[in-house]
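Spelled out from the first residue to the last, the chains are:
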Protein chains: 2
Amino acid sequence: MSEATPARRPSTALFTDHYELTMLQAALHSGAAHRRSVFEVFARRLPTGRRYGVVAGTGRLLEGIADFRFGQEQLAFLESTRVVNRQTLDFLADYRFTGSVRGYAEGEMYFPNSPILTVEGTFAEACLLETYLLSVLNYDSAIASAASRMTLAAGDRPCLEMGARRIQEDAAVAASRAAVIAGFTGTSNLEAGRRWGLTTIGTAAHSFTLLHDSEEEAFAAQLESMGHDTTLLVDTYDVEAAVRTAVRLVGAELGAVRLDSGDLAVQAREVRDLLDSLGNRDTRITVTSDLDEFAIAGLAAAPVDSYGVGTQLVIGSGVPTASMVYKLVARQGDDGRWVNVAKASKDKVSIGGDKWGLRRLDEDGVATAEVVRIGGRPENDGDDRPLTCDFIVDGELQDGWTGPEGVTRAAAHHAAARAELPRAVQSMSRGEPVIPTVVETD
Amino acid sequence: MSEATPARRPSTALFTDHYELTMLQAALHSGAAHRRSVFEVFARRLPTGRRYGVVAGTGRLLEGIADFRFGQEQLAFLESTRVVNRQTLDFLADYRFTGSVRGYAEGEMYFPNSPILTVEGTFAEACLLETYLLSVLNYDSAIASAASRMTLAAGDRPCLEMGARRIQEDAAVAASRAAVIAGFTGTSNLEAGRRWGLTTIGTAAHSFTLLHDSEEEAFAAQLESMGHDTTLLVDTYDVEAAVRTAVRLVGAELGAVRLDSGDLAVQAREVRDLLDSLGNRDTRITVTSDLDEFAIAGLAAAPVDSYGVGTQLVIGSGVPTASMVYKLVARQGDDGRWVNVAKASKDKVSIGGDKWGLRRLDEDGVATAEVVRIGGRPENDGDDRPLTCDFIVDGELQDGWTGPEGVTRAAAHHAAARAELPRAVQSMSRGEPVIPTVVETD
């Protein structure tokens, strides 16, 4: 990991449900804790009406697995509260994940039953990671899935992430990262910028204008301090008067104006005409009031240069969790033989067995199916693209997935993989997954 | 703060939007940064159809303000990325909040325009806190607001928080805390348990049963390791067979069974009858499958002993953010005179001026109105309850609001304050705020 991402957390180990540790205790007691096991992360469905999902969080969770260690602070808590017994505490004190993790590259699309992440190790070591892995994948993927639709709707116009204030502070940092993976060009979130080298953006709020004795004084102060290419917020009082004031102060050099209220399509048109009439043809217009993918699509014909997205980004445009689950799909018996397993609970059926994914592509490179094969890699017809990558092999983190490098790589991967999807994906209307999932067994 | 809550974060200062710092730079340039200012957190509305909101996160944000310092790591990032100039970096290096914070006690109800939190200080020091304060309050309050409706619907039956895997890992910790403030009796989240002394709970998942060669082996291992009072998960294969196996193993001592799928009302009835017929009248039934306040209310007549709530808790039952904003409402001029300020943006009008809140109660102690007074404390008719408390006075944190003590206090406060609300609050149907907000001016 680069210097830009120092470990902020001494341990991720207690981002874990109590029952993971009590299960471990009982499995250590029965001896079954040492059986080799395969757990799989998948989603039974996409959010209602969505055509595809986007995997995000992989780099974060790989960073976090390295910090998943039980130190003095964690062990003292578990001991004093008697969550687990001495045998289990001793196991935890030595815990370090030595298994393997493979799955879909960060930024990749996923569909119902895609084998998004597969964790192989002893039951003990793989079971412990459940809660943490799901927390990361479920939130980050939900945000990337929504963000990808926003950047699709925005076309060539930049989308900027500004939602920090609307969600828990650390979740906001993760959301910024997921947004950039899904095509956002920058974020207002400074911690996300620091941790993963993301571009940060921002100029001023209404309070800055209100602080000064007049809008003109406020604008003048901002222009002097930040330069003429800055973005002035023009809707604190009267938009037309504000635009005229701004142009009077700095002329054609004014970088941009921001609109944060009212009917954005109408206002953008009026402001564009006004700017043009004043000779400010190069002054840009950015809009920022409660946008989502539908509002962005609705502004396609308006003279808008960029979109700032807040609330709807960090809450996944109404779907802040991706419904991914982590299920035991195979384990060894005492005789060393592998057994595929799946629960039979009503309405929550799983598919047993170790799985690999492949995107079936036609001769034009357009995706036609999500192929999931149980027990081995699906056959590649030549044009197809294998989806399952190695992240950790026998405890060793593979290069390139984490840190700023991982984010850059994931963003590029996302853009390329999304370009393979059929045109129907451009539609903002509700529908079925844009390609079907085909499960193959040996 | 108690030993149970060591600072996990070296700094909260970069949980901040880029524009807070550029505004600061421009205000330092104009000189206005040093004007005394009053910012207020309020919500223009409750989530659609909700009858009341619950303030949460206050203790967390007071803990976080103490850690809001710009250290070497933060300053190096801001310098290398040129977010702000040298003058501003020097200001940040010495930054420590020396102003005052007052507002609604954690666990208190809020309504449209309640003055939830008021921050007074120089523009520079108060402006910087905006993003962080809103992140904490918006998420924690959204969760507590949903959780309170769940515990209201559950009546005397305990609600248990189990949503960690459905939301970003640190957000999950905050959600556990907010749930307990709103009446939940425990959480599966170990980190939340460690940080604030919350009761943690949990036993086993389906994977534990699947790991073993038979359900009976799994149950036997759990019972031996955790004791007969444990909770067995009985829906991995066939519920009836599982209950019979469990009772065969341990008889009437079996603590509880958990149902996690299917029609919970029907299954709970069948399992209750089966347990009773086998002589297990004291064995409890807990249910855990995708519950929200409506599902809990719908199970009121079913023989259920406790509710485990996951997804819908951590996403605020569809509303994961509380729409709170942080607005400059008053500031001094260069002559030292205070000026009330408010922006006039279309559809986002604010009310200028420093405010205090009071809950008007009738002679039976039932709330009849939310009184918000501009410029001073509202008059108390004798039965009324003042709502505005001091949290930080001239930079000094007041006792009792943070750490485990703060959570215990907030939970007690919530229960008492909720009991004052009119009976209409019991309704799960959509409606207007259960009491009106009355804004008084001098």
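Criteria and thresholds
- Residues numbered from 1 in each chain as written.
- Chains lettered and ligands numbered in written order.
- Predicted model: local features only at pLDDT ≥ 70, side-chain atom pairs only at ≥ 80, totals over all residues.
- Heavy atoms only, no water.
- UniProt positions renumbered as here; feature names shortened; annotations may be inferred.
- Contact = heavy atoms within 4.5 Å.
- Buried area = accessible area lost by both parts, 1.4 Å probe.
- Salt bridge = Lys/Arg side-chain N within 4 Å of Asp/Glu carboxyl O.
- Polar contact = N/O pair within 3.5 Å; in protein donor to acceptor, adjacent residues only side chain to side chain.
- Helix = DSSP H or I, 4+ residues; strand = E, 2+ residues; numbered from the N terminus.
- Nonpolar A, V, L, I, M, F, W, Y, C, P; charged D, E, K, R; others polar.
- Least-squares fit on C-alpha atoms with pLDDT ≥ 70 in both.
- Domains from an automatic or database assignment.
- Buried < 20%, exposed > 50% of the residue type's maximum accessible area, 1.4 Å probe, protein only.

- As named in an unreviewed UniProt entry, chain A is Nicotinate phosphoribosyltransferase, taken from Tersicoccus solisilvae.
- Comment text from UniProt for chain A, heading Sequence similarities (unreviewed entry), reads "Belongs to the NAPRTase family."

1. Digging into the interface of chain A and chain B
Part 1 of the argument: With 101 residues of chain A at the contact, the number on the chain B side is 100 residues.
Part 2 of the argument: Taking both sides of the interface into account, the surface hidden between chain A and chain B amounts to around 8,400 Å²; carbon and sulfur atoms contribute 56%.
Part 3 of the argument: Contact with chain B buries area across many residues of chain A, yet R165, L190 and L211 of chain A alone supply 10% of it, more than any other trio.
Part 4 of the argument: On inspection of chain A and its partner chain B, the count reaches 14 salt bridges.
Part 5 of the argument: Measuring nitrogen to oxygen at the nearest pair gives 3.6 Å for the salt bridge that ties E73 of chain A to R194 of chain B.
Part 6 of the argument: Across the contact surface, chain A and chain B share 53 residue pairs in polar contact (both at pLDDT 80 or more).
Part 7 of the argument: Tallying contributions element by element places helix α1 (residues 18-30) of chain A first for the side of chain A that touches chain B, with 11 residues.
Part 8 of the argument: Split by residue class, the side of chain A that touches chain B holds 43 nonpolar, 32 polar and 26 charged.

2. Examining the relation of the copies chain A and chain B
Part 1 of the argument: The transformation that overlays chain A on chain B combines an axial shift of 0.0 Å with a rotation of 180 degrees, and the residual RMSD is 0.0 Å. What we have between these two chains is a two-fold relation.
Part 2 of the argument: A high fraction, 99%, of the interface residues of chain A reappear at the interface in chain B, so the copies pair face to face through one surface.

3. Concerning the domain arrangement of chain A
Residue and element names in this part refer to chain A.
Part 1 of the argument: Assigned domains of chain A: these are domain 1 (18-128 + 323-440) and domain 2 (144-318).
Part 2 of the argument: Using C-alpha coordinates to define each centre, domain 1 is positioned 37 Å away from domain 2.
Part 3 of the argument: Roughly 1,800 Å² is buried in total at the junction of domain 1 and domain 2, and carbon and sulfur atoms are behind 59% of that figure.
Part 4 of the argument: Of all residues in domain 1, R50, V407 and M428 bury the most surface against domain 2, accounting for 39% of the area lost on that side.
Part 5 of the argument: Where domain 1 meets domain 2, there are one salt bridge.
Part 6 of the argument: A salt bridge links R177 to E106, with the nearest nitrogen and oxygen atoms 2.7 Å apart.
Part 7 of the argument: Connecting domain 1 to domain 2 are eight residue pairs in polar contact (both at pLDDT 80 or more).

4. Notes on the pattern of salt bridges
Residues and elements named next belong to chain B.
Part 1 of the argument: Tallied over the full model, the rule gives 62 salt bridges over all chains.
Part 2 of the argument: With a closest N to O distance of 2.7 Å, K355 and E40 form a salt bridge. Here K355 is found in strand β14 (residues 355-361), whereas its partner E40 is found in strand β1 (residues 36-43), with 315 residues between them in sequence. The residues K355 and E40 share a single accessibility class, namely buried.

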